[in-house]
Amino acid sequence: MPNITYAQALNDALREEMKIDSRVFLMGEDIGHHGGIFRVTKDLIDEFGAERVRDTPISESSFVGIGIGAAMAGMRPVVELLFMDFALVAADQIVNQAAKLRYMSGGTVSIPMVVRAQQGGGRGNGAQHSQSFESWLAQVPGLIIVAPSTPADAKGLLKSSIRTGNPVVFIEHKLLYNTKGDVPEGDYSIPIGKAEIKRDGRDITIVSYSRTLLFALEAAETLSQKGIEAEVIDLRTIEPLDMATILESIKGTGRLLVVHESHSNCGLGAEIMARVYEQAPDSLIMPPRRLGAKHVPIPVAESLENAVLPQPSDIVAAVEAMF
Amino acid sequence: MPLTPERLQDAYRQMLVIRKFEETIRSLYQQGKIRGSFHPCVGQEATAVGGCWAVRRDDYMTCTYRGHGQAIAKGLSVRAAMAEMLGKVTGCSKGKGGSMHFTDPSVGLLGANAIVAAGVPHAAGAALASQLQKKDNVALAFFGEGAVNQGVFLESLNLAVIWKLPLILICENNLYSEMTPSHETTSIVETHKRAAGFGFAAIQVDGNDVETMYNAVESAAEKARAGGGPTYIEAMTYRLWGHMMGDPEIYRTKEEVMRAKENEPIVRCGKRLIELGCTEADLSRLDGEAESMIADALQFAESSAVPELADAFTDIFI
């Protein structure tokens, strides 16, 4: 299996889907000859032309809205937002439009559109270029939300997202693009809505996704040296949430920690903990915990940003406190 | 090709259907049979019929919450529209969309929208799809002059020109943005001048004359189909009723509304038909036919079933 970067895996997924499906086209800022600021659309314009790899003006609500209209008229747009933070500029089109038009039409229209964006901090990009929105977005019925952590998952899930026929918010992370991993060759996809156990363990279940999933794996190695074996679940899809995999895991471990980079307050960790209490209150031998960004905007200085966003060492400490 | 006298009679009847539809909805609303809000298009029937009849059924269209007339003129079944208003399972959206979200892609109607200007990029997107698919379909977007200060509207103007989309923007300028005179809130209230500033071929027309509307949209569609890009049509019209049910209409005088009634599209079309040789009896017959269609739709809607509770949980994803 080739060992490629997360960015290359996404690029491959786009190329392959554009080859097999003429309905697929791309829109976004600087995605053409520039190839996207994180190179995800590199060289695609040479292969597919400027009609299918469309540079847009800096006007997110119109080009997301145009994606919606094109999707209703039979196309499969993949729309790139330069930063997830800019989804707020297009929030009406994502939340009031893409997520609801099918329902409000009684199922007569569909919106086969993927909105891709990278999110998260760790690069000192500041409070308007470092946010994570999956918890907000998960509050909106009608959106599928995907957040892969590895190159293989990124490729397989992007292909599934393009094929699903529904509106998908595809969440990438700016610090995952250069990470490498083995990616199967040829056409494969990964099902939406299916978590994966990335590490087996008997003592505690750590649920995470996107970049903090890598932190969780790193923390699990440290914990292993201390005699604690953590099972690490990669959600991969935020909505629909694969509770079955989580519930099955905590049956064995009895302990749960949810880790994400988005803010803890009213976040996905709280949701998962609530569902565990609703659906399997007796599985846990102690109260679950969550770890997310502290409730402040994301600062720039490295020391401050690291203090606000969860780090591998924070995961180790949180787990140790549960034993 | 302009509307023939025979087609003009059809257009007259279609405008009457729309008028009577709205009158019926008002009555149902007053009886408490309709939930939510209702934004009538009474007085604006010519923009709907002239605009939608000038394009093909498989062309695309988006409109606004004041879009009952446009939806019906594009081909939405009056029965399905009435049933939707009454929240019945036979409604065009199975009772889930209601007054502000009439949708029927089988006639190109990609949706009325309850967010001002939000449907404009959807029409632009459908136009882009047509362009990418090498088809000759065009897309119409209806909106009011109240939409022209929304960011997404201005952004869409830019993209339509840059990408030379087969898009026809129809601004129904009825002088009032909800309950505020538009000139008080809009820098250049002759909105076609704004569009011209973006590089549009932009015209202002008498939106209360169905033939003028038809001709303007037909010529814009012909140009768009031939790859000539988008056109902006500012259709001057007047909303004879309030913004919505319960609007006290303190922003205008009764005299102003009375004067506008002399210029309203159905009266004008009737006069034109008489000029063309129709008799009062012909007009009465057309009125009666429209009345029958509405009565049929109402009977259909009232006798239709309400949705099953399980229907609340379907139609989210394919």
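Residues numbered from 1 in each chain as written. Chains lettered and ligands numbered in written order. Predicted model: local features only at pLDDT ≥ 70, side-chain atom pairs only at ≥ 80, totals over all residues.

### Regarding the overall build of chain B
Note the cut-off: The helix and strand labels rest on DSSP assignments: H or I over at least four residues marks a helix, E over at least two residues marks a strand, and numbering proceeds from the N terminus. Exposed residues have 12 or fewer other C-beta atoms within 10 Å of their own C-beta, buried residues have 20 or more, and partly exposed residues fall in between, where C-beta atoms are placed from the backbone. Remark: residues whose backbone-derived C-beta atoms lie within 7 Å of one another are considered to be in contact.
Of the regular secondary structure elements, chain B holds 11 helices and eight strands. By principal-axis analysis of the C-alpha atoms, chain B measures approximately 55 × 50 × 40 Å. Counting only residues that meet the buried cut, chain B has 55% of its 318 residues in that class. A separation of at least 24 residues holds for 75% of the contacts in chain B among residues at least 6 apart in sequence.

### Quick look at the interface of chain A and chain B
Quick reminder of the rule: Basically, the charged four are Asp, Glu, Lys and Arg, the nonpolar ten are Ala, Val, Leu, Ile, Met, Phe, Trp, Tyr, Cys and Pro, and anything else, Gly included, counts as polar.
Contact with chain A, which involves 35 residues of that partner, is made by 36 residues of chain B. Every element with two or more residues in the side of chain A that touches chain B is listed here: helix 3 (60-72), helix 4 (91-98) and helix 5 (101-104) of chain A. With 10 residues, helix 3 of chain A is the largest single contributor of residues to the side of chain A that touches chain B. Each residue belonging to the side of chain A that touches chain B can be placed in one class, and the counts come to 14 nonpolar, 18 polar and three charged.

### Observations regarding the nonpolar core
Residue and element names in this part refer to chain B. Definition in use: The term nonpolar core means buried Ala, Val, Leu, Ile, Met, Phe, Trp, Tyr and Cys residues held together as one set by C-beta atoms within 7 Å.
Counting 192 residues, the largest nonpolar core has A81, A123, L167 and I168 as the members making the most contacts within it. With nine residues, helix 1 (residues 5-30) is the single largest residue contributor to this core. Among all residues touching I168, those that are not within four sequence positions of it are V138, L140, V217, A220, A221, A224, P230, T231 and I233.

### So, the sheet that holds strand 11 (residues 230-234) of chain A
Residue and element names in this part refer to chain A. For the record, the criterion: One requirement defines pairing of two strands: DSSP has to find at least two bridges between them. Every axis corresponds to a line fitted to the C-alpha atoms, with the helix fit spanning only the stretch in contact, and the corresponding angles, defined between N-to-C directions, vary from 0 to 180 degrees.
Across the sheet, five strands lie side by side as 9-11-10-13-14; this open sheet has mixed pairing. Both outer strands of the open sheet, strand 9 (196-199) and strand 14 (289-293), are each paired with one neighbouring strand and no more. The mean inter-strand angle of the sheet, taken between neighbouring strand axes irrespective of direction, is 25°. With three bridges joining them, strand 10 (residues 204-208) and strand 13 (residues 256-263) adopt parallel strand pairing. Within strand 13, the position partnered with T205 by the bridge is L256. Sitting on the sheet, helix 9 (residues 243-253) touches strand 9, strand 10, strand 11 and strand 13, and the angle it makes with strand 10 is about 155°. Together, strand 10, strand 11, strand 13 and strand 14 form the strand contacts of helix 12 (residues 312-320), whose direction differs from that of strand 14 by roughly 160°.

### A short note on the pairing of strand 5 (residues 114-119) of chain A
Along a regular strand, successive side chains alternate from one face of the sheet to the other. Residues and elements named next belong to chain A. Within strand 5, six of the six residues are buried, which leaves the element mostly enclosed by the surrounding structure. What you see with strand 5 is no split at all: V114, R116 and Q118 on one side and V115, A117 and Q119 on the other are buried throughout. As paired strands, strand 4 (residues 76-81) and strand 5 are joined by four bridges and run parallel to one another. Its bridge partner lying in strand 5, V78 is registered against V114.

### Comments concerning the domain arrangement of chain A
All names here are of chain A. Rule in force here: Domain extents, as shown, originate in an automatic or database domain assignment.
Each domain of chain A was delimited in the assignment, giving domain 1 (3-182) and domain 2 (196-320). One C-alpha centre belongs to domain 1, the other to domain 2; they are set 26 Å apart. Listed as interface residues are 26 residues of domain 1 and, on the opposing side, 21 residues of domain 2. Listing elements by their share of the side of domain 1 that touches domain 2, those giving two or more residues are helix 6 (134-137), strand 6 (144-146), helix 7 (151-163) and strand 7 (168-173). For the side of domain 1 that touches domain 2, the element with the most residues is strand 6, which contributes three residues. For the side of domain 1 that touches domain 2, the class distribution of residues is 13 nonpolar, 11 polar and two charged.

### Digging into the sheet that holds strand 3 (residues 139-144) of chain B
Residues and elements named next belong to chain B. In spatial order, the strands read 2-1-3-4-8-7; together these six strands make up an open sheet with parallel pairing. Two strands bound the open sheet, and with one partner strand each, they are strand 2 (109-113) and strand 7 (201-206). The sheet shows a mean angle of 15° between the axes of neighbouring strands, direction not considered. Across six bridges, the pairing between strand 4 (residues 167-173) and strand 8 (residues 231-236) is parallel. Bridge pairing links E172 to A235 in strand 8.

### Considerations on unusual backbone geometry
Between A:E239 and the following residue, A:P240, the backbone shows a cis peptide bond with an omega angle of 5°. With respect to the helices, strands and loops of the structure, A:P240 is situated in the loop between strand 12 (237-239) and helix 9. Although it is not a glycine, A:D30 adopts a positive phi angle of roughly 65°. Looking at the secondary structure, you find A:D30 in the loop between strand 2 (24-28) and helix 2 (44-52). Of note in the backbone geometry, B:K134 takes a positive phi value of approximately 55° without being a glycine.

### Quick word on the environment of B:H192
Residues and elements named next belong to chain B. Secondary-structure assignment places H192 in helix 7 (residues 191-197). A residue is classified by how many C-beta atoms lie within 10 Å of it, and H192, with 23 of them, is buried. Separated by 120 residues in sequence, H192 and I72 have C-alpha atoms that sit 26 Å apart. Residues contacting H192, with those up to four places away along its chain left out, are A202, I203, Q204, Y232 and E234.

### Focus: the pairing of strand 7 of chain A
All names here are of chain A. Quick note on the threshold: By the criterion used throughout, a crossover qualifies as right-handed when its path from the first strand across the helix to the second strand runs clockwise, the strands pointing away from the viewer.
Judged by how many residues are buried, strand 7 sits mostly within the fold: six of six residues are covered. The alternating pattern of strand 7 places V168, F170 and E172 and V169, I171 and H173 on opposite faces, both of which are buried. Bridge count for strand 5 against strand 7 is six bridges, and the pairing is parallel. Bridge pairing links Q118 to E172 in strand 7. When strand 6 meets strand 7, the two strands line up parallel, connected through three bridges. Within strand 7, the position partnered with I145 by the bridge is V169. Handedness of the crossover is the feature at issue here: the chain leaves strand 6, passes through helix 7, returns alongside strand 7, and the resulting connection is right-handed.

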